[in-house]
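One-letter residues, chain by chain:
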Amino acid sequence: MTTTFTDATSVNRRLFFRRGAAGIGVAALANLLKENAHAAVDQADSQVESEGLHFAPKAKRIIYLCQSGGPAQHDLFDYKPLLNERNGSELPASIRGQQRLTGMSANQSSLPLAGSQFKFAQHGQSGAWLSELLPYHREIVDDVCFVKSMYTEAINHDPAITFFQTGSQIAGRPSLGAWMSYGLGSENKDLPSFIVLVSSNQGGQPLYGRLWGSGFLDSRHQGIQFRGGADPVLYLSNPKGVSSSRRRAQLDVIGQLNRHQFQRELDPEIESRIAQYEMAYRMQTSVPDAANFADEPESTFKAYGEDARTPGTFAANCLLARRLAQRDVRFIQVYHQGWDQHSNLPKQIAGQAKETDQASAALVKDLKQCGLLKDTLVIWGGEFGRTPYSQGTLKPGNYGRDHHPRCFTTWMAGGGIKPGISYGATDEFGYNITEKGVHVHDFNATILHLMGIDHERLTFKYQGRRFRLTDVHGHVINEIVS
């Protein structure tokens, strides 16, 4: 992107180094000085639109159902009858090879294979294998592409989920949603382009704001978290005694002060501050409208489940995600914790599946019914998989599974994805990939491709180098693109 200074003498040292390192233009300055704040903040902040990049998208928006903790693929999607046949026997050394284990099972004297306690069957015209834990998924298998050959480099939760969400195991990079906001801008000026929903009162590995942060991108690209309850965004509502007109007048004065400061300092974060004040003002109307389910018919709650009536549940967040998609929010991130089952897995995974199965399937069906699935990409998956052997002692009817980055399953639907297929395969133990491996960078490259973005060309210059979501790796998985 080209940086143009309209008055070189007005550029101070701090701005020179900041703008030069970050690669952010000041083209919006002219508009900011001659128009009011309302017009200034509505200017598209889109690399793709400003540079005429890339190609026609197959998807316009994304709903990412992130299952934090690492769902056990052997008990949900990846049917391995050999594990049941050899239940309790040792994992062959030839299968494990020299691959590392976590500290939680590396010192076990035995690595006994653990067959799933749950029955599997094939469903739909595609014949997809599913566990009995996912009865509602049976209704969407012909709309879904199961990627059974995902793999990652991280073996622990924090770096693994950070890797998926930002393209790096080290915190500080922009998140996927932030890259999408930076690259494509927003289609709804009254709502953020990147919204985050987290299941309430859910145990498991902690989730950090950096997972939806903007990193070195402009702060306006960070995800905005909606919380469960009457007030989805904290401090958005006016205090008692403060009218909308009074708030508007207050923002006008604050805007004048910020513009005055911008003229003096030319700090781009001041532009972002103005934009965020204005967005918050518009959200006072748009957020309550989006989060109010009063206009939903009873059939909606029957489809998503009764939990959808309770704000903050996974079901309610899936329904809210559909409502946000209808309002053209670009990227909707839904996090659900609790899949980290090192022990007592049969009982715990049954509870997790019950909380997520119906609503996940309902979201896909709902989007399809209202004509949005064709240009909405839905993603379901965690940060890694689980081992085919038991962590700890294998007991009759009970076992746990450790972290396993070598292979796991995720699924995608809508938005340019080929429906009704399974891509990739693992060995008969579910330990190694045997064909068509999909790395995290490949996965993210494909997501960007579906949104019309060339992952090699969406870059941002920071501290002397051009960064991208996929670093210097990744290729598009064309076989799953329709």
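Use the structure listed above.
Position labels on residues start from 1 in each chain and follow its written sequence. Totals for whole chains, interfaces and linings use every residue, but because this is a predicted model, local features are given only for residues with pLDDT of at least 70 and side-chain atom pairs only at 80 or more, for both listing and counting. Hydrogens and waters are ignored; side-chain quantities use all the structure's heavy atoms.

**Student:** Is there a simple way to explain the overall build of the chain in this structure?
**Tutor:** Each helix is a run of H or I in the DSSP string that is no shorter than four residues. Each strand is a run of E no shorter than two, and both are numbered from the N terminus. The helix and strand tally for the chain stands at 14 helices and 17 strands. Counting all 482 residues of the chain, 55% fall into the buried class. Per element, the accessible surface of the chain, about 20300 Å² overall, is 49% carbon and sulfur. Type-normalised accessible area, obtained with a 1.4 Å probe on protein chains alone, sets the label of each residue: buried when under 20%, exposed when over 50%, and partly exposed for intermediate values. Using a 1.4 Å probe, the Shrake-Rupley method yields the accessible areas, and only the shown protein chains count as cover for residues.

**Student:** Would you take a moment to explain the environment of Thr166 for this structure?
**Tutor:** With respect to the secondary-structure elements, Thr166 resides in helix H7 (residues 157-166). Thr166 gets classed as buried once you look at its relative accessible area, which sits at 3%. Along the sequence, Thr166 and Thr470 sit 304 residues apart, while their C-alpha atoms lie 8.7 Å from each other. Any pair of residues with heavy atoms lying within 4.5 Å of one another is described as a contacting pair. Every residue in contact with Thr166, bar those within four places of it in the chain, is listed here: Arg173, Pro174, Ser175, Arg210 and Leu469. Two N or O atoms form a polar contact when they lie within 3.5 Å of each other; inside protein one atom must be a possible hydrogen donor and the other a possible acceptor, and for residues adjacent in sequence the pair counts only when both atoms belong to side chains. For Thr166, the side chain forms a polar contact with the main-chain oxygen of Thr162, separated by 2.7 Å.

**Student:** So what exactly am I meant to see when it comes to the nonpolar core here?
**Tutor:** Inside soluble globular proteins, nonpolar side chains tend to come together where they are buried. The term nonpolar core refers to a set of buried residues drawn from Ala, Val, Leu, Ile, Met, Phe, Trp, Tyr and Cys, joined through side-chain atoms within 4.5 Å. Counting 58 residues, the largest nonpolar core has Ile63, Leu65, Leu197, Phe226, Leu324, Ile332 and Trp411 as the members making the most contacts within it. Not counting the four nearest positions on each side in its chain, Phe226 is found in contact with Ile195, Val196, Leu197, Val198, Pro232, Val233, Met283, Val287, Leu320 and Leu324. Membership of the second largest hydrophobic core comes to 50 residues, among which are Phe163, Leu184, Val196 and Ile453.

**Student:** Is there a simple way to think about helix H10 (residues 268-291) in this case?
**Tutor:** Within an α-helix, residues lying three or four positions from one another point in the same direction, as the helix has 3.6 residues per turn. The end-to-end C-alpha distance of H10 is 32 Å, a good match for the 34 Å that 24 residues give at a rise of 1.5 Å each. Along H10, the helix axis deviates most sharply at Met283, where the bend reaches about 45 degrees. Take the residue count of a helix, subtract one, and multiply by 1.5 Å to get its expected span. Fitting axes to the seven residues ending at a residue and to the seven starting there, one defines the bend at that residue as the angle between these axes.

**Student:** Is there a simple way to explain the pattern of salt bridges in this structure?
**Tutor:** Once the charged atoms of two side chains with opposite charge are near each other, the side chains can pair. A pair is scored as a salt bridge if a Lys or Arg side-chain nitrogen falls within 4 Å of a carboxyl oxygen belonging to Asp or Glu. All chains considered together, the criterion is met by 20 salt bridges. Ionic pairing is found between Lys80 and Asp78, a salt bridge with its closest N-O pair at 3.7 Å. The same class applies to Lys80 as to Asp78, namely buried. The shortest N-O distance in the salt bridge between Lys365 and Glu139 comes to 2.2 Å. Here Lys365, found in helix H13 (residues 345-369), pairs with Glu139, found in the loop between strand E3 (128-131) and strand E4 (144-151); they are 226 residues apart in sequence, far enough to count as distant. Classification of Glu139 as partly exposed rests on a relative accessible area of 46%.

**Student:** Could you clarify how one ought to interpret the packing of aromatic side chains in this entry?
**Tutor:** Any two aromatic rings considered together are summarised by their centre-to-centre distance and by the angle between their planes. Classification of ring pairs uses Phe, Tyr and Trp, with its six-membered ring standing for Trp, and accepts pairs whose centres are within 6.5 Å; under 30 degrees between planes counts as stacked, over 60 as edge-to-face, and the remaining range as tilted. For the structure shown, the criterion picks out 17 aromatic pairs. Ring centres 5.9 Å apart and planes at 75 degrees place the aromatic pair Phe164 and Phe443 in the edge-to-face group. Placement of the pair is Phe164 in helix H7 and Phe443 in helix H14 (residues 440-450), with a sequence separation of 279 residues. Both residues of the pair, Phe164 and Phe443, belong to the buried class. Here Trp380 and Trp411 contribute two aromatic rings whose centre-to-centre distance is 6.4 Å and whose plane-to-plane angle is 5 degrees, an arrangement assigned as stacked. Placement of Trp380 in strand E8 (residues 376-381) and of Trp411 in strand E11 (residues 408-413) is noted, with a sequence separation of 31 residues between them. For Trp411, a relative accessible area of 0% translates into the label buried. Cluster of aromatic residues (ring-pair linked, three or more members): Trp179, Tyr182, Phe216, Phe460, Tyr462 and Phe467. Two limits define a charge over a ring: the Lys NZ or Arg CZ must be within 6 Å of the ring centre, and within 35 degrees of the ring normal. Sitting over the ring of Tyr208, Arg210 keeps its end group 4.4 Å from the ring centre. For the cation-ring pair, Arg465 lies above Phe467, with the distance from its terminal atom to the ring centre recorded as 4.0 Å.

**Student:** When you look at H7 in this model, what are you seeing that I'm missing?
**Tutor:** With respect to burial, H7 is a largely interior element, eight of its 10 residues being buried. Three or more residues of H7 are buried, namely His157, Ala160, Ile161, Thr162, Phe163, Phe164, Gln165 and Thr166. Looking one or two places after H7, you find Gly167, whose phi comes out positive at around 80 degrees.

**Student:** What am I meant to see in the side chain of Arg330 here?
**Tutor:** For Arg330, the location among the structural elements is in the loop between helix H12 (314-326) and strand E7 (331-336). Glu187 is the oppositely charged side chain nearest to the buried, salt-bridge-free Arg330, at an N-O distance of 4.2 Å. Within the structure, the side chain of Arg330 is placed 3.2 Å from the backbone oxygen of Lys60, a separation counted as a polar contact. His is not counted, nor are the chain ends; Lys and Arg add positive charge and Asp and Glu add negative charge.

**Student:** Looking at this model, I keep getting lost on the pairing of strand E1 (residues 61-67). Mind explaining?
**Tutor:** Successive residues of a regular strand alternate their side chains across the two faces of the sheet. With seven of its seven residues buried, E1 lies for the most part within the structure. Note that E1 and E8 share six bridges and pair parallel. When the bridges of E8 are listed, Cys66 appears paired with Gly381. By definition, two strands form a pair when at least two bridges between them are found by DSSP.

**Student:** It is not clear to me how unusual backbone geometry should be interpreted in this structure. Could you clarify?
**Tutor:** A positive phi angle, near 60 degrees, is found at Lys436, a position not held by glycine. Not every positive phi belongs to a glycine, and Asp471 is a case in point at roughly 55 degrees. The residue Asp471 is located in the segment after strand E17 (465-467) in this model.

**Student:** How should I be thinking about the packing of helix H9 (residues 244-265) against H10 in this particular structure?
**Tutor:** Helices that pack against each other are described as a pair by the angle of their axes relative to one another and the distance between those axes. Where H9 meets H10, the closest approach of the two axes is 9 Å, and the angle between their N-to-C directions is 170 degrees. By the angle between their axes, H9 is roughly antiparallel relative to H10. The residues of H10 that touch H9, namely those facing Ser244, Arg247, Arg248, Leu251, Ile254, Asn258, Arg259, Gln261, Phe262 and Glu265, are Pro268, Ile270, Glu271, Arg273, Ile274, Tyr277, Glu278, Tyr281 and Gln284. Any residue outside Ala, Val, Leu, Ile, Met, Phe, Trp, Tyr, Cys, Pro, Asp, Glu, Lys and Arg is labelled polar, Gly included; the first ten of those are nonpolar and the last four are charged. In the contact of H9 with H10, the residues fall into eight nonpolar, four polar and seven charged. Here the axes come from fitting lines to C-alpha atoms, over the contacting stretch only for helices, and the angles between their N-to-C directions go from 0 to 180 degrees. With respect to orientation, any angle under 35 degrees is reported as roughly parallel, any angle over 145 as roughly antiparallel, any angle of 65 to 115 as roughly perpendicular, and every other angle as oblique.

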